[in-house]
Amino acid sequence: MTDKTSNQMWGGRFAAGPDAIMEAINASIGFDKRLAAQDIAGSRAHAAMLAATGIISDKDAEAMREGLLTVLSEIEGGTFEFSIALEDIHMNVEARLKDIIGEPAGRLHTGRSRNDQVATDFKLWVRDQLDSFEAGLLALIRALLDQAEAGADWVMPGFTHLQTAQPVTWGHHMMAYVEMFGRDLGRVRDARARMNECPLGAAALAGTSFPIDREMTAKALGFDRPAANSLDAVSDRDFALEFLSSASICAMHLSRFAEELVIWSSAQFRFVTLSDRFSTGSSIMPQKKNPDAAELIRAKIGRIFGANVALMTVMKGLPLAYSKDMQEDKEQVFDASDNLMLALAAMEGMVRDMQANCPSLETAAASGFSTATDLADWLVRVLNMPFREAHHVTGSLVAVAEARGSDLPELSLEDMRQVHSGITSDIFEVLGVHNSVASRTSYGGTAPVQVRAQIARWKERLS
C-alpha cells in the first residue's frame, strides 16, 4: 500500500506520508488482526443503528453489512491482504470495504472514532476469553471432583513446610484445589459482569452530535448497557487488567498444583503416575519419564505475570483520554490468554489421566509421626490434660520413638507409661492413619464423610 493511500486514510492533515520507522512503530496490524471478527461485529451493529436513527440510508447500511461479511469471509479464508501502511485492523477492514461497496463505506465511521471502536473490539475479545476461561475452569473443577470422589477414603500425608504433618485423604487434597479454582471461577464471573458495558458511541472522547442510539448497539453486541462516561469509555482498560489479574492468580494456582505433581510423580515419592500423554522421555536415560507438561505449566506463570505487570505499567501514567501508549495493551493480553487456556487444558488432562498410587500414599501417611497430634488430642480429651502439657508429653514420646527408629504406633504401652502413667491401651485406637482421618469431622475437615459432603455441595453448585 502506498503512502498516498495512507494519506487518504488520514485525510488532508499531513502532506507527506510517514517514513518506514514511523510506519513500523505506529502500526498494530501485525497483532490486532486477531480482533477482526469483533471489529466487523461492531461495525455491523453500528451500521444498523445509523440506519435505524436515520443518519444513513437503509440501502447504504445493508451494503455495509453485506460487504463486511464478505471481508470477514476473506479474513477467515486466509485470502485477505493485510497492509501495514493502513496501521490497524480498523483501517484495513474499512479500506477493503470501500473496494467492495464503494462510496457508502465512507459513511460507516459516522458518529464513532477509532478510540471507541478499538475499546469495543477489545472488550468483545476479552469477554470471549473470559467465557473460555470459565469453561476451562469448570472442566478442571469437574476433573478434580471425579478424583476426589474416587479417593475420598484414600489416606495420604498432609504436609506443612513439605514435612509430614497429619494424615489427610486424597479426596480432601483434591478438594483443596477445587476451592482454589472455585475462587478463580468467581473472579472470572465477577470480571465479566463488571466489564459488560459498551464503549461504542463514546466517539473520540466527548460523545457525538449525531443522534445515535447507544442502547441499540449495546444490546446488539450483548452488552448490558452503554458505558456511562465517554472519557472513561475510551480510556478504560480495567477489563483487560482484571482479566490479567484473574489469569495471574489462576496461573499461580496451576503452578502450585504442577509443583506437587512434579514432586509426587518422582521416584522418591511415587504418589502418582502421570499418563504417557502428558510425559516425555529422556534422549539419553531410557528409564526416565519426565512430567514435562506439569513443568511447562509451572513456567507459564512468568509470562502471565509479566503481561499483568506490563499492562499495569503502560496504564499507570496515562492522562485521560486516549493515548497511543494504549496500542501496547493487546499483545500482552493475547499472549497471556493463549498460555492460560493451554495450561488449563493441560492440567485438566493430567488430572483426568493421573493414577494415585494408594499403597505409597498410605505408607507415607503413616510415617513421620503423622498421628502425633491425634495422640496429644487424646491426652486432652481422655485425661483432661491441658493442651500445652499434652504437647510436651507427645513430644517426649516422639523422641523415644525416634531414638528407637520406630513410629508412635510401634511403641508399647509400657514405653508410653514411662513418659506418662495415665496412658491406657485406648491410645492405640487413635494412632492409626485411618482412625486419624475419620476423626476429623469438623466442617471442612479431612474425614471422608466431610469430603463427600463438600463434593455434593460442589456438584449442586455446578448443576
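Residues numbered from 1 in each chain as written. Predicted model: local features only at pLDDT ≥ 70, side-chain atom pairs only at ≥ 80, totals over all residues. Heavy atoms only, no water.

J.: Would you take a moment to explain the overall build of the protein for this structure?
T.: Scanning the protein from terminus to terminus reveals 19 helices and six strands. Relative to its length of 463 residues, the protein is extended, with a C-alpha radius of gyration of 31 Å against a globular reference of 23 Å. Contacts spanning at least 24 positions in sequence make up 73% of the contacts within the protein whose residues lie at least 6 apart. Mean positive and mean negative side-chain charge positions of the protein (45 and 61 charges, respectively) differ by 2 Å. (Helix = DSSP H or I, 4+ residues; strand = E, 2+ residues; numbered from the N terminus. Rg over C-alpha atoms; globule rule 2.2 N^0.38 Å. Contact = heavy atoms within 4.5 Å. Lys, Arg positive; Asp, Glu negative; His and termini not counted. Charge placed at Lys NZ, Arg CZ, Asp CG, Glu CD.)

J.: Would you explain the confidence of the model for the protein in this entry?
T.: Segments scoring low in pLDDT should not have their predicted coordinates read at a detailed level. Counting all residues, the mean pLDDT for the protein is 91, and 94% of those residues have values of 70 or more. Scored below 50 in pLDDT, residues 1–7 shows 13 contacts in the model against residues more than four places distant or in partner chains. (pLDDT = per-residue confidence, 0-100.)

J.: Quick question: what am I supposed to make of the nonpolar core here?
T.: One broad trend across soluble globular proteins is that nonpolar side chains are buried collectively. If you look at the biggest cluster of nonpolar residues, it comprises 97 residues, and the most contacted ones within it are Phe-133, Phe-181, Leu-254, Phe-257, Trp-264 and Met-347. When sequence neighbours within four positions are dropped, the list of residues in contact with Phe-133 reads Val-188, Phe-243, Ser-246, Ala-247, Cys-250, Leu-340, Met-341 and Leu-344. (Core = buried A, V, L, I, M, F, W, Y, C linked by side-chain atoms within 4.5 Å. Buried < 20%, exposed > 50% of the residue type's maximum accessible area, 1.4 Å probe, protein only.)

J.: Sorry, what's going on with helix H14 (residues 358–365) here?
T.: Residue pairs three or four apart in sequence face the same way in an α-helix, which turns once every 3.6 residues. When H14 is considered as a whole, its buried residues turn out to be Leu-361, Ala-364 and Ala-365. Angularly, the buried residues of H14 cover 105° about the axis, an arc narrow enough to put them on a single face. Among the exposed residues of H14, those pointing more than 90 degrees away from its buried face are Pro-359 and Thr-363. Summarising the contacts, the buried residues of H14 are in contact with strand E1 (155–160), strand E2 (163–169), helix H8 (170–195), strand E6 (355–356) and helix H18 (433–439). (Arc of directions from axis to C-beta.)

J.: What am I meant to see in the pattern of salt bridges here?
T.: Applying the stated criterion to the full structure yields 26 salt bridges. Linking Arg-107 and Glu-103 is a salt bridge whose minimum nitrogen-to-oxygen distance equals 2.7 Å. Between Arg-192 and Asp-131 there is a salt bridge, with its nearest N and O atoms 2.6 Å apart. Placement of the pair is Arg-192 in helix H8 and Asp-131 in helix H7 (residues 114–150), with a sequence separation of 61 residues. (Salt bridge = Lys/Arg side-chain N within 4 Å of Asp/Glu carboxyl O.)

J.: I tried to follow the pairing of E2 on my own but got confused; where do I start?
T.: On a regular strand, each side chain points to the face opposite its neighbour's, so the side chains alternate between the two faces of the sheet. Of the pairings in the sheet, the one linking E1 to E2 comprises six bridges and is antiparallel in character. In the strand pairing of E2, Gly-158 is matched with Gln-166. Taking the residues between adjacent antiparallel strands as the criterion, E1 and E2 are bridged by two residues, where His-161 takes a positive phi near 60°. (Pairing = 2+ DSSP bridges.)

J.: Please explain the packing of aromatic side chains as it appears in this structure.
T.: By the definition in use, this model includes 12 aromatic pairs. Members of the aromatic cluster, connected to one another through ring pairs, are Trp-154, Phe-159, Trp-170, Trp-264, Phe-269 and Phe-271. The ring of Phe-334 has Arg-34 lying over it, and the distance from NZ or CZ to the ring centre is 4.8 Å. Sitting over the face of the ring of Phe-223, Arg-127 holds its NZ or CZ atom 4.8 Å from the ring centroid. (Phe/Tyr/Trp six-rings, centres within 6.5 Å; stacked < 30°, edge-to-face > 60°. Lys NZ or Arg CZ within 6 Å of the ring centre and 35° of its normal.)

J.: Looking at this structure, how should I read unusual backbone geometry?
T.: Note on backbone geometry: most residues besides glycine have negative phi, and most peptide bonds are trans. Cis geometry marks the peptide bond from Leu-320 to Ala-321, where omega comes out at 10°. Structurally, Ala-321 can be placed in the loop between helix H12 (292–315) and helix H13 (330–353). Unlike most non-glycine residues, Arg-270 shows phi in positive territory, near 55°. Within the secondary structure layout, Arg-270 lies in the loop between helix H11 (238–264) and strand E5 (272–273).

J.: Explain a nonpolar patch on the surface to me, please; I cannot follow it from the model alone.
T.: A surface patch of nonpolar side chains, about 270 Å² in accessible area, is lined by Leu-205, Leu-231 and Leu-320. Residue position: Leu-205 is located in the loop between strand E3 (197–198) and helix H9 (214–220). Leu-205 gets classed as partly exposed once you look at its relative accessible area, which sits at 40%. (Patch = residues over 30% accessible without salt bridge, like charges linked within 9 Å, V, L, I, M, F, W, Y side chains within 5 Å. Areas by Shrake-Rupley, 256 points an atom, 1.4 Å probe, with all protein chains shown as cover.)

J.: I keep staring at the environment of Ala-453 and nothing clicks. Help me out?
T.: By the secondary structure assignment, Ala-453 is in helix H19 (residues 448–462). C-alpha separation for the pair Ala-453 and Tyr-443, spaced 10 residues apart in sequence, amounts to 9.3 Å.

J.: I tried to follow the environment of Leu-124 on my own but got confused; where do I start?
T.: Following the sequence through the fold, Leu-124 ends up in helix H7. Residues Leu-124 and Ala-204, 80 residues apart in the sequence, show an inter-C-alpha distance of 19 Å. Setting aside residues up to four positions removed in sequence, Leu-124 forms contacts with Gln-38, Leu-221 and Phe-223.

J.: How should I be thinking about the side chain of Ser-28 in this particular structure?
T.: Within the secondary structure layout, Ser-28 lies in the loop between helix H2 (20–26) and helix H3 (29–32). Of the polar contacts made by the side chain of Ser-28, one reaches the side chain of Asp-32; its length is 2.5 Å. Apart from residues no more than four positions distant in its own chain, Ser-28 is found in contact with Glu-87, Asp-88 and Gln-327. (Polar contact = N/O pair within 3.5 Å; in protein donor to acceptor, adjacent residues only side chain to side chain.)

J.: Looking at this structure, I do not really get the packing of helix H15 (residues 372–383) against helix H16 (residues 387–404). What am I missing?
T.: How two helices pack is summed up by the angle between their axes together with the distance between the axes. In the contact formed by H15 and H16, the axes pass within 9 Å of each other and the chain directions differ by 135°. One way to sum up the angle between H15 and H16 is to call them oblique. Considering the relative orientation of H15 and H16, their crossing is right-handed. Contact residues: Ala-372, Leu-375, Ala-376, Asp-377, Leu-379 and Val-380 in H15; Phe-387, Ala-390, Val-393, Thr-394, Leu-397 and Val-398 in H16. Residue composition of the contact of H15 with H16, grouped by class: 10 nonpolar, one polar and one charged. (Axes fitted to C-alpha atoms, helices over the stretch in contact; angles between N-to-C directions. Parallel < 35°, antiparallel > 145°, perpendicular 65-115°, else oblique. Left-handed = near helix turned anticlockwise from the far one by under 90°. Nonpolar A, V, L, I, M, F, W, Y, C, P; charged D, E, K, R; others polar.)

J.: I'm lost on the environment of Pro-104 in this one. Help?
T.: Relative to the helices and strands, Pro-104 resides in the loop between helix H6 (89–101) and H7. Considering only alpha carbons, one finds Pro-104 and Met-64, 40 residues apart in sequence, at a separation of 7.3 Å. Look past the residues within four positions of Pro-104 in its chain and what remains in contact with it is Asp-60 and Met-64.

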